[in-house]
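# Tertiary structure, described
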Amino acid sequence: MRIDTIRLRQSAVWLALGLTIVAMLVVRPTLIAPEQWPILLRQAAPLGVLAIGQTILLIGGGFDMSVGGVVGFVSVLAAGPFAQSQGVGAVIFACLILGIAVGVLNGAIVTFGKVSPLVATLGTGFVLTGAMLIYTGGAPTGHVPDGIRALSREKFLGVPLAVDIWLALALLAGLMLNKSWFGRYVYAIGSGPKAAIYAGVAVTATQLASYVLSSLCAVVGGLLLAGFVGIGALGAGQELTLDSLAAAVIGGTLLSGGVGGMTGTVGGVVLLTALSTLLTGAGAGAAGSSLVHGLVLLGASILFREAKRG
């Protein structure tokens, strides 16, 4: 009964999305014209990929405040001198190594150092920001190579390639959480770390892997964003950090861990993107968008806090 109640309340994100679509029809019907949806989903793809990693961490009782720094570093790497001299393959390889290194660092600090995920990942994010400033001299230059821009420009089966990548990763992550030992371990740790240890769960290895997956998701999201924007920017991923957490929570993943899934997170990402589009169409601007996002997040947090109590 408790599981059915949680699932019912998690479906609220899709109801909220439906209401948002109705509001878009009223405010400006052209916002949801058929030709606009591929654009909207392509804009949502970088956030969607980051939210995948955040969902895995939140279910396991953690979260990652360094993903914005990873996205920013990937952005400047993909547009800087290294990309111009070494080519697309080398850039992608270097970004993946960066993601693995950051994930291992975050995981090691949290698991072995027993440091709060907030402090550990926030500190790593500041380190990445400083490293970006050193690497670029405070002024990133250059354009993203065509091979990376193709991630946002090209289509596969009539759908933007960035959207295909996002949804494919979400599907794989969902299957991993629901069908593999890793997923069972993540849910067990989020439900009760001490109980998970007594049950024989490999807590340290699972947490380390979760942080690495989160950082790798940030790398992929950064590449998609760089391909969409076309130039390097130091603050490219800063707003995505909180938005990725918000998307997961709005989709039904509990901040306290142990409950959540990818279906709700995908809905949360689309809802946040649709709300931004609606508010832009209504002339509310960035301030209005932030206000509404905050209210939606607060409402979702209260809803799912009550769901866990039940």
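Residues numbered from 1 in each chain as written. Predicted model: local features only at pLDDT ≥ 70, side-chain atom pairs only at ≥ 80, totals over all residues. Heavy atoms only, no water.

### Quick word on the overall build of the chain
Helix and strand content of the chain: 15 helices and two strands. Carbon and sulfur atoms provide 70% of the accessible area of the chain, an area that totals close to 13900 Å². (Helix = DSSP H or I, 4+ residues; strand = E, 2+ residues; numbered from the N terminus. Areas by Shrake-Rupley, 256 points an atom, 1.4 Å probe, with all protein chains shown as cover.)

### A closer look at the side chain of Ser215
Looking at the element boundaries, Ser215 is found in helix α12 (residues 203-229). Leave out the neighbours within four places in its chain, and Ser215 touches Asp64, Val70, Gly99, Val102, Gly103 and Asn106. (Contact = heavy atoms within 4.5 Å.)

### Some words on a nonpolar patch on the surface
Residues Val22, Leu25, Val26 and Val27 make up a contiguous nonpolar surface patch of roughly 360 Å² in combined accessible area. Looking at the secondary structure, you find Val26 in helix α2 (residues 12-27). When its relative accessible area of 67% is taken as the criterion, Val26 is described as exposed. (Patch = residues over 30% accessible without salt bridge, like charges linked within 9 Å, V, L, I, M, F, W, Y side chains within 5 Å. Salt bridge = Lys/Arg side-chain N within 4 Å of Asp/Glu carboxyl O. Buried < 20%, exposed > 50% of the residue type's maximum accessible area, 1.4 Å probe, protein only.)

### Points about helix α13 (residues 238-250)
The end-to-end C-alpha distance of α13 is 19 Å, a good match for the 18 Å that 13 residues give at a rise of 1.5 Å each. Inspection of α13 places Leu240, Thr241, Ser244, Leu245, Ala246, Ala247, Ala248, Val249 and Ile250 among the buried residues, and these make up the whole buried set. (Expected span 1.5 Å × (residues − 1).)

### Here's the deal with the packing of helix α4 (residues 67-79) against helix α7 (residues 117-136)
Helix packing for two helices is described by the angle between their axes and how far apart those axes are. For the pair α4 and α7, interaxial distance at closest approach is 9 Å and the crossing angle is 15 degrees. Between α4 and α7, the angle is such that the two are roughly parallel. Along this stretch, α4 crosses α7, giving a crossing that reads as left-handed. Between α4 and α7, the residues in contact are Gly69, Val70, Gly72, Phe73, Val76 and Leu77 and Leu128, Ala131, Met132, Tyr135 and Thr136, respectively. Counted by class, the contact of α4 with α7 contains eight nonpolar, three polar and no charged residues. (Axes fitted to C-alpha atoms, helices over the stretch in contact; angles between N-to-C directions. Parallel < 35°, antiparallel > 145°, perpendicular 65-115°, else oblique. Left-handed = near helix turned anticlockwise from the far one by under 90°. Nonpolar A, V, L, I, M, F, W, Y, C, P; charged D, E, K, R; others polar.)

### Points about the packing of aromatic side chains
Throughout the structure, instances matching the rule amount to three aromatic pairs. The interplanar angle of 35 degrees and the centroid separation of 6.2 Å between the aromatic rings of Phe73 and Tyr135 together place this pair among those described as tilted. One end of the pair, Phe73, is in helix α4; the other, Tyr135, is in helix α7, with 62 residues separating them in the sequence. We classify Tyr135 as partly exposed; its relative accessible area is 35%. Where Trp181 meets Phe182, the ring centres are 6.2 Å apart and the plane angle is 85 degrees; that geometry is what we call edge-to-face. Taking relative accessible area as the criterion, Phe182 reaches 7% and is therefore assigned buried. Three or more aromatic residues link up through ring pairs in this structure, and these residues are Trp181, Phe182 and Tyr185. (Phe/Tyr/Trp six-rings, centres within 6.5 Å; stacked < 30°, edge-to-face > 60°.)

### As for the environment of Val266
Structurally, Val266 is set in helix α14 (residues 262-281). Using a relative accessible area of 17% as the deciding quantity, one classes Val266 as buried. When the C-alpha positions of Val266 and Ala248 are compared, they lie 8.1 Å apart, and in sequence the two are 18 residues distant. With near-sequence residues (within four places) excluded, Val266 lies in contact with Trp166, Leu167 and Ala170.

### A closer look at the environment of Leu169
Inspection of the secondary structure puts Leu169 in helix α9 (residues 161-179). Along the backbone, Leu169 and Val49 are 120 residues apart, and their C-alpha atoms lie at a distance of 7.3 Å. In contact with Leu169, not counting residues within four places along its chain, are Val49, Ile52 and Val220.

### Section: helix α10 (residues 181-191)
All of the buried residues along α10 are Phe182, Gly183, Val186, Tyr187, Ile189 and Gly190. For α10, the angular spread of buried residues about the axis comes to 160 degrees, placing them on one side. Exposed side of α10, more than 90 degrees from the buried face: Trp181, Arg184 and Ser191 are the residues found there. In the core, the buried residues of α10 are packed alongside α3 (37-59), α9, α11 (193-198) and α12. (Arc of directions from axis to C-beta.)

### Here's the deal with the confidence of the model for the chain
The share of residues in the chain with pLDDT of 70 or more is 87%, and the mean pLDDT across the chain is 84. Every residue in residues 306-310 is under pLDDT 50, and counting partners more than four places away or in other chains gives eight contacts. (pLDDT = per-residue confidence, 0-100.)

### Here's the deal with the packing of α3 against α14
Close contact between α3 and α14 brings their axes to 8 Å; oriented N to C, the two are set at 135 degrees. Classified by the angle their axes make, α3 and α14 are oblique. Crossing handedness for the pair α3 and α14: right-handed. For the pair α3 and α14, the contacting residues are Trp37, Leu40, Leu41, Ala44, Leu47, Gly48, Ala51, Ile52, Thr55 and Ile56 in the first and Met262, Thr265, Val269, Val270, Thr273, Ala274 and Thr277 in the second. Considered class by class, the residues forming the contact of α3 with α14 number twelve nonpolar, five polar and no charged.

### Points about the nonpolar core
One finds Ile52 and Trp166 to be the most contacted residues of the largest nonpolar core, which totals 63 residues. With ten residues, α3 is the single largest residue contributor to this core. Residues Met65, Leu245, Ala248 and Val249 belong to the second largest nonpolar core, which totals five residues. (Core = buried A, V, L, I, M, F, W, Y, C linked by side-chain atoms within 4.5 Å.)

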